[in-house]
Amino acid sequence: MSYYHELRQVFDDLALWVALRHEQGVAVAPVMRRFEKELKKAQAAMHKAAPTGKLLKKEPNDLASIKALRPEGPRRLWAKLNMVGLAERMKGAWLGRAAACTLGAPVENWSIANMERLAARCKMKFPPTDYWKQHPWPDEVRYNVSAMSDYLKGNMTCVPVDDDLTYTLLGLLILEEYGPAFTVKDVGRAWLKYLPMACTAEHVALENLRAGVPASRAGEKNNPFQEWIGADIRSDPWGYAAPGWPEKAAELAYRDAYLSHRQNGVYGEMYFSAAIAAAFAVKDPVDALEIALTEIPKECRLARDVRWALAVGPKLKDWRKARAAVDEHFKGMSSVHTNNNACLTIFGLFLGKCDFTATIGMTVAMGLDNDCTAATAGSILGAVIGAHGIPEHWWKPFRNRTRTYLNGKPWFSNMDIVARFVAVARRVW
């Protein structure tokens, strides 16, 4: 599949020629006005050319149609909320997510070669088995809150800030403030109240909300990021809220995802929310991944790609080959797309074989949007094995504290997060 990356080269070359001729005194403005006019026409045409026909039938955006296209599935794994070991598994899910995200954040989207060089400089194993000891830019500040040094071994005093974790806590606030029957409009209200900033699809949706665009349309207006990973990383609160009930988790995820995403972007959040919910009721994370596949349209692109990953996963013996398989299968796709990163998350869980350190280390090592992929893998595995299955060097440095960039909610207690999600689960069930 061509992604028309050659367009970028055309634009880059054009910018260089425009600069040169401008410096030489050539009147470039008339040419550029014509070019800009034609470019805007092409942009509008692409925006207007939404999926129709067969594709739209396979990949609808409304929940009723999505549900109608699902394969048969268990829908819920318990007859009633199973409280036995729930707090322990909830603690494992949250700490697993926090640890994996914190490991991946300093090397987010890095190449494998650059991560290997950092590991060599730190005299660490690779894939990593502990937090990074050094970073090339220790003073870099993330989300206007945490310096990169706060993510490093020996410096860490809390779960440092990250969007993957902040959205989990925003989901908790939505559930507490609006209840399990919250609407897309309620999600929009919460974003306006708590989010000072966002990225890609979330940034577009937030700016649309601020401009008065209704929540029902905020995710589709001027938003070319509709199928990127941003909704996927918001999966966890809905899985935590509906443990053992993947159908309910996917339904909650749909209402959150629809604010900023469409089609496979929405399905990504539904899929991993269902997987996390199922993880509370199974003994193997792969079982959760397979159950979750029954909560999205059977013939959508994400379902097709997940089936591919589930078929390839058992045959993989090496994380490098896993990354190579994803590169080949998704040649040209953005490194922050939902589908390719979903497959890396799945491969990390296969390769890790229920060993927490191996799972998150290899998932980070495979790259792409690796704080996101590792965080999801850590959350799923943590829900399966519980906090007792996570070595203490991953969570002890957190000192029971998490930082966010939410307006008015800069700090959370980790044990309070766990207790509050258990309370929300009682309410949902």
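Structure: see above.
Calculation criteria
- Residues numbered from 1 in each chain as written.
- Predicted model: local features only at pLDDT ≥ 70, side-chain atom pairs only at ≥ 80, totals over all residues.
- Heavy atoms only, no water.
- Helix = DSSP H or I, 4+ residues; strand = E, 2+ residues; numbered from the N terminus.
- Rg over C-alpha atoms; globule rule 2.2 N^0.38 Å.
- Buried < 20%, exposed > 50% of the residue type's maximum accessible area, 1.4 Å probe, protein only.
- Contact = heavy atoms within 4.5 Å.
- Areas by Shrake-Rupley, 256 points an atom, 1.4 Å probe, with all protein chains shown as cover.
- Lys, Arg positive; Asp, Glu negative; His and termini not counted.
- Charge placed at Lys NZ, Arg CZ, Asp CG, Glu CD.
- Salt bridge = Lys/Arg side-chain N within 4 Å of Asp/Glu carboxyl O.
- Arc of directions from axis to C-beta.
- Polar contact = N/O pair within 3.5 Å; in protein donor to acceptor, adjacent residues only side chain to side chain.
- 1 Å grid on protein atoms, 1.4 Å probe; cavity = no way out; pocket = protein on both sides within 12 Å on 5 of 7 lines; lining within 4 Å.
- Points joined across faces, edges and corners; volume = space filled by probe spheres on them.
- Nonpolar A, V, L, I, M, F, W, Y, C, P; charged D, E, K, R; others polar.
- Pairing = 2+ DSSP bridges.

A. Just the overall build of the protein chain, in detail. If you tally the helices and strands in the protein chain, you get 19 helices and 4 strands. Computed over the C-alpha atoms, the radius of gyration of the protein chain is 22 Å, within 12% of the 22 Å expected from 2.2 N^0.38 for a compact globule of 429 residues. Overall size of the protein chain, expressed as C-alpha extent along the three principal axes, is 75 × 55 × 45 Å. Within the span of the protein chain, comprising 429 residues, buried residues form 55% of the whole. Taking the contacts inside the protein chain whose residues are at least 6 apart along the sequence as the reference set, 72% of them involve residues at least 24 apart. Total accessible area computed for the protein chain in this model is approximately 18500 Å², and 55% of it derives from carbon and sulfur atoms. Across the protein chain, the centroid of the 56 positively charged side chains sits 2 Å from that of the 46 negatively charged ones.

B. Region of interest: the pattern of salt bridges. Scanning the model with the defined rule gives 29 salt bridges in all. For E251, the salt bridge is made with K67, and the minimal N-O distance between the two is 3.8 Å. Taken together, the residues span a long stretch of sequence, with E251 in helix α11 (residues 246-257) and K67 in helix α4 (residues 63-68) at a distance of 184 residues. Of the residues examined, K67 reaches a relative accessible area of 28% and is grouped as partly exposed. Among the salt bridges present, the one from R142 reaches D162, with a minimum N-O distance of 2.8 Å. With R142 in strand β1 (residues 141-142) and D162 in the loop between β2 (146-147) and α7 (163-178), this residue pair connects regions lying 20 residues apart in the sequence. Of the two residues, R142 and D162, neither departs from the other in class, the shared state being buried. Overlapping salt bridges, with partners in common, bring together K67, K248, E251 and R255 in one network.

C. Up close: the side chain of R255. For R255, the location among the structural elements is in helix α11. Setting aside residues up to four positions removed in sequence, R255 forms contacts with P180, A181, F182, T183, V184 and V187.

D. Summary view of helix α15 (residues 319-329). Inspection of α15 places W319, A322, R323 and V326 among the buried residues, and these make up the whole buried set. The buried residues of α15 occupy an angular sector of 95° when projected down its axis, which confines them to one face. Along α15, the residues that are exposed and aim more than 90 degrees away from the buried face are K321 and E328. Against the buried residues of α15 lie α6 (112-121), α14 (301-312), α16 (338-352) and α17 (356-366). Taking the backbone nitrogen of R320 as reference, a side-chain oxygen 2.9 Å away marks D318 as the first, capping residue of α15.

E. Representation of the layout of surface pockets in the model. When its volume is computed, the largest pocket comes out at roughly 2200 Å³. Y3, M46, P224, F225 and W228 are, among the 41 residues lining the largest pocket, the residues nearest its centre. Mapped by element, the contributors of at least two residues to the lining of the largest pocket are α1 (6-23), α2 (29-48), α3 (53-58) and α14. In terms of residue count, α2 provides more of the lining of the largest pocket than any other element does, 6 residues in total. Here the lining of the largest pocket is built from residues that sort into 19 nonpolar, 14 polar and 8 charged. If you add up the space inside the second largest pocket, you get close to 270 Å³. Taken together, 19 residues make up the lining of the second largest pocket; nearest its centre are E108, D163, C199, T200 and D369.

F. Focus on the pairing of strand β3 (residues 401-406). Where β3 and strand β4 (residues 409-413) come together, 4 bridges link them in antiparallel fashion. For R403, the partnering residue across the bridge sits in β4 and is W411. The turn linking β3 back onto β4 is made up of 2 residues, and G408 within it adopts a positive phi angle of 75°.

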